[in-house]
Amino acid sequence: MRYHKYLYLAGEKFKNPHLQTHLDALMKSDKASLKELEAIQLERLKKLLHHAKNSTLFYKERLKDIDIDTMTLADLKKIPVLTKSELKANADDLRNEPEGQGLIKAETSGTTGDVFLFNKNIHWDASFRAAQYRGYSWYGVEPWAKSLYFWGFKKAFKDKLKIRVLDFLLNRYRFFDYTNEEFERAADRIRESTYIAGYSSSIHMMAEYFKKKGYKFDNIKMVKGTAEKVYDSYHKSVKEVFGRKITSEYGSAEAGVIAYECPEGHMHIVMENVIIEEIDNKIIVTNLWAYSLPYIRFELGDYVVLDNETKCACGRKHKIIKEVTGRIGRKIYGKEGVYSTININHTFKNLSFKHNIELAYAAKQYEKGKMVFDIIDDGELNQTEAREKLIASAYEYFKDDVDIEVNFVTYSEGKTKKQKDFESFIKEEEA
Ligand SMILES: [Zn+2]
């Protein structure tokens, strides 16, 4: 199906003429040494800082004491961290969007009411997709290969139609509904596809269905999970059905692809595009291509654990993100204390580690001092044991301060929104 390649390349070129240049450069530095990667970073950082200082009021002030030309990567730490609220409050002073330069609209996928609109310069956009495609190449997947995309929730018909056209150009078919009939149709398409991408809960849900039916596919080169947390428990059925686990892509609207998981299971930071730091477990991002909205040392809002020790067997020297442990800012309220959502992550990790029980969950808090865990069970769980051990594990982190209620749920067929690992219904002012 060569024509798909040409259709695809024409479409991409039309959308962004710089994509191929970025992809070529990323492929070239794919096996670069750490020293070489850091040299690329420093060069791009200096360019970015010069641009930010010359074109925005905000950075003219903030960078006034930095000698950009003689700085090292370590000197980046001299620049204060930029918080989300600071970014929003100063957005007008930060924006640098010259007309006629092919800006691309973007928005942060924050919680409702928290959406932030901005424009990406074309290199920012190109670097983002090139990073994705380099990740694909690690699995022998070409960008124009036939794929299936699993959307996380139902879409209006009008939106669907628009998306279908775009998908056709990208040789992609997208599923919106999660019924058994749709899964049967998906099975036929999967046999003709090279890779699958989408919301990990949706992919897992489908895999569970196929597992029950005894379907197996040996033609899928990559199963990529995006947008949602990939729970350890998801891998089992996905591996059984597709022969491989879910590959993680970590990023955000602002930052693009920050890290991509290699076939050895390590999330390599796309060091050519971003500089990643960790302060008190919080991820700090500098996007080296964000010229239309320069952000330097931006506190993205996730807790992460970096791994500076591991030498990956895949041969890449790009630094590794060991784990994304949760979102910052969402609090769990006890009867007395306040807890970070990292404690939920610890609770389930601990359960998996000590008892080998891996659960997919949605934690919810409706009132202070109480938390509800909705646990997905497709009929294979020992519920009594899982409940007992889960409550015991949660006790290690919340003691008597938070009462735990455990419910077992199946995937509902009418799943209508993104799966969240924690949701709070407590208004901040009440707290
Ligand atoms: Zn690797």
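This one's a predicted model, so the numbers in the text were calculated from it and none came from an experiment. (Residues numbered from 1 in each chain as written. Predicted model: local features only at pLDDT ≥ 70, side-chain atom pairs only at ≥ 80, totals over all residues. Heavy atoms only, no water.)

Student: Just to check I follow, could you spell out the overall build of the protein chain for this structure?
Tutor: If you tally the helices and strands in the protein chain, you get 13 helices and 19 strands. When each of the 431 residues of the protein chain is scored for burial, the buried share is 51%. Within the protein chain, residue pairs in contact and separated by at least 24 positions form 68% of the contacts whose partners lie at least 6 positions apart. Counting only carbon and sulfur atoms, one obtains 51% of the accessible surface of the protein chain, whose full area is about 20,800 Å². (Helix = DSSP H or I, 4+ residues; strand = E, 2+ residues; numbered from the N terminus. Buried < 20%, exposed > 50% of the residue type's maximum accessible area, 1.4 Å probe, protein only. Contact = heavy atoms within 4.5 Å. Areas by Shrake-Rupley, 256 points an atom, 1.4 Å probe, with all protein chains shown as cover.)

Student: Could you clarify how one ought to interpret empty space enclosed by the protein in this entry?
Tutor: To locate leftover empty space, one rolls a probe as large as a water molecule over the atoms. Counted by the stated rule, this structure contains 2 cavities of 30 Å³ or more. Its boundaries defined by the atoms lining it, the largest cavity holds a volume of some 50 Å³. Surrounding the largest cavity, Lys 229, Thr 325, Gly 326, Arg 327, Arg 330, Thr 341, Ile 344, Asn 345, Tyr 361, Asp 421 and Phe 422 form its lining. Sorting the residues of the lining of the largest cavity by element identifies β13 (320-327) and α12 (342-355) as the ones contributing at least two each. For the lining of the largest cavity, the per-class residue count stands at 3 nonpolar, 4 polar and 4 charged. When residues of the lining of the largest cavity are assigned to domains, at least three map to each of domain 1 (2-326) and domain 2 (331-424). (1 Å grid on protein atoms, 1.4 Å probe; cavity = no way out; pocket = protein on both sides within 12 Å on 5 of 7 lines; lining within 4 Å. Points joined across faces, edges and corners; volume = space filled by probe spheres on them. Nonpolar A, V, L, I, M, F, W, Y, C, P; charged D, E, K, R; others polar. Domains from an automatic or database assignment.)

Student: Help me understand the pairing of strand β10 (residues 274-279), please; the structure alone is not making it clear to me.
Tutor: Every other side chain in a regular strand lies on the same face of the sheet, so the side chains alternate between the two faces. Of the strand pairs in this sheet, β10 and strand β11 (residues 282-287) are connected by 6 bridges, and their pairing is antiparallel. The partner of Glu 278 across the bridge, within β11, is Ile 283. The turn joining β10 and β11, which pair antiparallel and follow one another in sequence, is formed by 2 residues; a positive phi near 50° is taken by Asp 280. (Pairing = 2+ DSSP bridges.)

Student: How do you make sense of the environment of Ala 313 when you look at a structure like this?
Tutor: Relative to the assigned elements, Ala 313 resides in the loop between β12 (298-307) and β13. For the pair Ala 313 and Cys 262, spaced 51 residues apart in the sequence, the C-alpha separation amounts to 9.7 Å.

Student: How should I be thinking about the coordination of the zinc ion in this particular structure?
Tutor: Geometrically, a metal with four donors at the corners of a regular tetrahedron has ideal angles of 109.5 degrees, and one with six donors at the corners of a regular octahedron has ideal angles of 90 or 180 degrees. Listed as protein donors to the zinc ion are Cys 262 (SG), His 268 (NE2), Cys 312 (SG) and Cys 314 (SG); their distances from the metal cover 2.1 to 2.3 Å. Coordination at the zinc ion comes from 4 donor atoms whose angles at the metal span 102 to 116°, giving a geometry best classed as tetrahedral. Mapped onto the polypeptide sequence, the residues donating to the zinc ion form the spacing pattern C-x5-H-x43-C-x1-C. Of this pair, His 268 sits in strand β9 (residues 267-269) while Cys 314 sits in the loop between β12 and β13; the two residues are 46 residues apart in sequence, bridging distant segments of the chain. The class of Cys 314 is buried, set by a relative accessible area of 15%. (Donors = N, O, S within 2.8 Å, 3.2 Å for Na, K, Ca; no water. Tetrahedral: all angles 85-135°; square planar, octahedral: opposite > 155°, others 65-115°.)

Student: Is there a simple way to explain the layout of surface pockets in this structure?
Tutor: Looking at the second largest pocket, its volume works out to about 490 Å³. Around the second largest pocket, the lining comprises 19 residues; the ones closest to its centre are Ser 233, Lys 236, Glu 358, Glu 380 and Leu 381. Looking at the lining of the second largest pocket, the elements that each hand over two or more residues are α10 (200-213), α11 (232-242) and α13 (383-398). Of the residues belonging to the lining of the second largest pocket, the class tally is 6 nonpolar, 5 polar and 8 charged. Residues from two domains meet in the lining of the second largest pocket; each of domain 1 (2-326) and domain 2 (331-424) gives at least three.

Student: Just to check I follow, could you spell out the environment of Ser 393 for this structure?
Tutor: Checked against the element boundaries, Ser 393 lands in helix α13. A relative accessible area of 3% means that Ser 393 is categorised as buried. Along the backbone, Ser 393 and Lys 349 are 44 residues apart, and their C-alpha atoms lie at a distance of 9.2 Å. Setting aside residues up to four positions removed in sequence, Ser 393 forms contacts with Thr 347, Asn 350 and Leu 351.

Student: So what exactly am I meant to see when it comes to helix α7 (residues 122-137) here?
Tutor: Compared with an ideal rise of 1.5 Å per residue, which puts 16 residues at 22 Å, α7 spans 22 Å between its outermost C-alpha atoms and is within 8% of the ideal. With respect to burial, α7 is a largely interior element, 13 of its 16 residues being buried. (Expected span 1.5 Å × (residues − 1).)

Student: I tried to follow the pattern of salt bridges on my own but got confused; where do I start?
Tutor: Side-chain pairs of opposite charge can arise where the charged atoms are in close proximity. Counted under the stated rule, the structure contains 23 salt bridges. Here Glu 277 and Arg 297 are joined by a salt bridge, their closest N and O atoms 2.7 Å apart. Residue Glu 277 is found in strand β10, and its partner Arg 297 is found in the loop between β11 and β12; the two are separated by 20 residues along the sequence. Note on accessibility: Glu 277 and Arg 297 belong to one class, buried. (Salt bridge = Lys/Arg side-chain N within 4 Å of Asp/Glu carboxyl O.)

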